[in-house]
Amino acid sequence: GLVAYIWATEFLATTKRGVMSWLPNVTFSIGQILVSPLAYTVPNWRPFLLGCQGVVLTGLLYSCCLRESPQWLAVVGRREEAYKPVAAAAAEENVRADDESSDGEEPQAGERGFLSEICDPRLRFRFVVICFNWFSISFAFYGLSMFSPNLPFSVYVANAVSGLVAVPFYLMAPILIDAKWCGRRGAISGSYFVGSGCLFASNAISDETLSLIVYYVGNGALSLAFAVLYVWAAELFPTTIRARSMSIQSMFARLGAMSSPFVVDIGQKNAALALLIFATPCAICGALDLCLPETRARKLPNTTDDIFSDDGESESEPPSPCSSSDDEGK
């Protein structure tokens, strides 16, 4: 899944990257919903897993038809191969592609190692913050998914409702991340604040029905944050290290997912405390993300030196609430 997100981000045009914030996630929710009737009718875990994996293996049927990312091919110096998918896409759109033999500098992968690049002052802070984002959102997302035994539903109904509730939030994602007043940063920070706030509030509401509604609104908001994070995290790093940086981010996500069952166990004795533990890291992420740059409508950087150098602003970042006015004017 992670490789597919990176590949699609590099292949899609800047104006179409919003598709990756809803389409894969809506199909993910559909799969989550269908798990409930499948698990109910096939209670034995062995044939259940065989059935799930049978669906997954169908992806191998079309994998040979996919094209390599032209941006990655250009960065690693395989210019002729990069030209072919670009020319094919241009032909489909009836536009002219630049000739592969045209002059101009071709972006090349930097000679510095991955650790040297990721520790660059322009990347270091955002890398730490995004890793914490992945840990926190996976911690909360998968924790709330496993929290269903503590809800007044059967595990099958709770799982289906959780997947169904997330769909409208996924459909809101492309609208929010492409809006000038919101963007990637606003969408993910707002989702964190709404999600954590709803989890906090659900503990204080005595009415069970209203508490459940607020709980699922928070669950859906955090699902939206998860969807946007895939797009934003890929855009924040250059092509030379995008795959490796996101693989490390994914490792932090797995750490968050592995930690969540321990909090779910706490929820069996104290549900309010468990929700408080899930919500707190997300609220912190919402604040930290306001210090990161916006990437809406910006080209993907090929190298570290290309980061936010478009519009003639060499090595400058979009203004954020954490940057001073002097820095923004440079």
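Residues numbered from 1 in each chain as written. Predicted model: local features only at pLDDT ≥ 70, side-chain atom pairs only at ≥ 80, totals over all residues. Heavy atoms only, no water.

> Summarise the overall build of the protein chain; cite the residues concerned and give the values.
What the protein chain contains, in helices and strands, is 14 helices and zero strands. For the protein chain, the succession of helices and strands along the chain, N to C, is α-α-α-α-α-α-α-α-α-α-α-α-α-α. Residue burial in the protein chain is summarised as follows: out of 330 residues, 44% are buried. In the protein chain, once contacts between residues fewer than 6 apart in sequence are set aside, the share between residues at least 24 apart is 78%. (Helix = DSSP H or I, 4+ residues; strand = E, 2+ residues; numbered from the N terminus. Buried < 20%, exposed > 50% of the residue type's maximum accessible area, 1.4 Å probe, protein only. Contact = heavy atoms within 4.5 Å.)

> I'd like a rundown of the packing of aromatic side chains, residues and numbers included.
Two aromatic rings are characterised by how far apart their centres lie and by the angle between their planes. Applying the stated rule across the entire model yields 13 aromatic pairs. Measuring from ring centre to ring centre gives 4.8 Å for W134 and Y230, while their planes differ by 80 degrees; the resulting arrangement is edge-to-face. A residue pair is termed long-range when its members are at least 10 positions apart, and W134 in helix α8 (residues 121–145) and Y230 in helix α11 (residues 208–235) qualify at 96 residues. When sorted by exposure, W134 lands in the same class as Y230, which is buried. Between Y142 and F226 the ring centres are 6.2 Å apart and the planes differ by 85 degrees, which places this aromatic pair in the edge-to-face class. Of this pair, Y142 sits in helix α8 while F226 sits in helix α11, and the two are 84 residues apart along the sequence. The exposure class of Y142 is partly exposed, given its relative accessible area of 27%. Here a set of aromatic residues connected by ring pairs shows up, and it is made of F28, W134, F141, Y142, F226 and Y230. (Phe/Tyr/Trp six-rings, centres within 6.5 Å; stacked < 30°, edge-to-face > 60°.)

> Which residues make up a nonpolar patch on the surface, and what values do they have?
Taken together, the side chains of Y40, F153, V155, Y156 and V157 make up a nonpolar region of the molecular surface, amounting to roughly 470 Å² of accessible area. Looking at the nonpolar patch, the element that brings in the most residues is helix α9 (residues 155–177), giving three residues. Note that Y40 resides in helix α2 (residues 23–41). (Patch = residues over 30% accessible without salt bridge, like charges linked within 9 Å, V, L, I, M, F, W, Y side chains within 5 Å. Areas by Shrake-Rupley, 256 points an atom, 1.4 Å probe, with all protein chains shown as cover. Salt bridge = Lys/Arg side-chain N within 4 Å of Asp/Glu carboxyl O.)

> Tell me about the nonpolar core, and name the residues and values.
Formed by 64 residues in total, the largest nonpolar core has its most connected members in I130, W134, Y192 and F278. If you list the elements that add at least two residues to this core, you get α1 (2–11), α7 (114–118), α8, α9, α10 (183–204), α11, α12 (239–267) and α13 (271–289). For this core, the element with the highest residue contribution is α11, accounting for 16 residues. Setting aside residues up to four positions removed in sequence, F278 forms contacts with F139, A140, G143, L144, F147, L199, S260, V263 and V264. (Core = buried A, V, L, I, M, F, W, Y, C linked by side-chain atoms within 4.5 Å.)

> I'd like a rundown of the confidence of the model for the protein chain, residues and numbers included.
Averaged over all residues, the pLDDT of the protein chain equals 83, while 85% of them reach at least 70. Taken element by element, the predicted model of the protein chain shows its lowest mean pLDDT in helix α14 (residues 325–328) (42) and its highest in α13 (96). Ignoring residues within four places in sequence, the model shows residues 310–318, a span with pLDDT below 50, making 21 contacts including any to other chains. Note that pLDDT drops below 50 for residues 324–330; the model gives that stretch four contacts with residues more than four away or on any other chain. (pLDDT = per-residue confidence, 0-100.)

> Can you tell me about unusual backbone geometry, naming the residues and giving the values?
Its identity is not glycine, yet A297 carries a phi of approximately 65 degrees, on the positive side. Relative to the helices and strands, A297 is located in the loop between α13 and α14. Under the relative-accessibility criterion, A297 is labelled exposed at 54%.

> Give a detailed account of the side chain of R184, specifying residues and quantitative values.
Considering the arrangement of structural elements, one finds R184 in helix α10. A relative accessible area of 1% means that R184 is categorised as buried. Within the local environment of R184, its side chain forms a polar contact with the side chain of D178, the two groups lying 3.1 Å apart. Once you skip the residues sitting within four places of it in the chain, R184 turns out to touch R17, I177, D178, V228, V231, W232, E235, E294, T295 and R296. (Polar contact = N/O pair within 3.5 Å; in protein donor to acceptor, adjacent residues only side chain to side chain.)

> Account for the pattern of salt bridges, with residues named and values stated.
In total, this model carries three salt bridges according to the counting rule given. A salt bridge links R184 to D178; its shortest N-O distance comes to 3.1 Å. Overall, the relative accessible area of 35% leaves D178 in the partly exposed class. The salt bridge involving R184 is made with E235; its shortest N-O contact spans 2.8 Å. On the criterion of sequence distance, the pair formed by R184 in helix α10 and E235 in helix α11 is long-range, its members being 51 residues apart. Since its relative accessible area comes to 3%, E235 is described here as buried. If you follow the salt bridges from partner to partner, you end up with R17, D178, R184 and E235 in one network.

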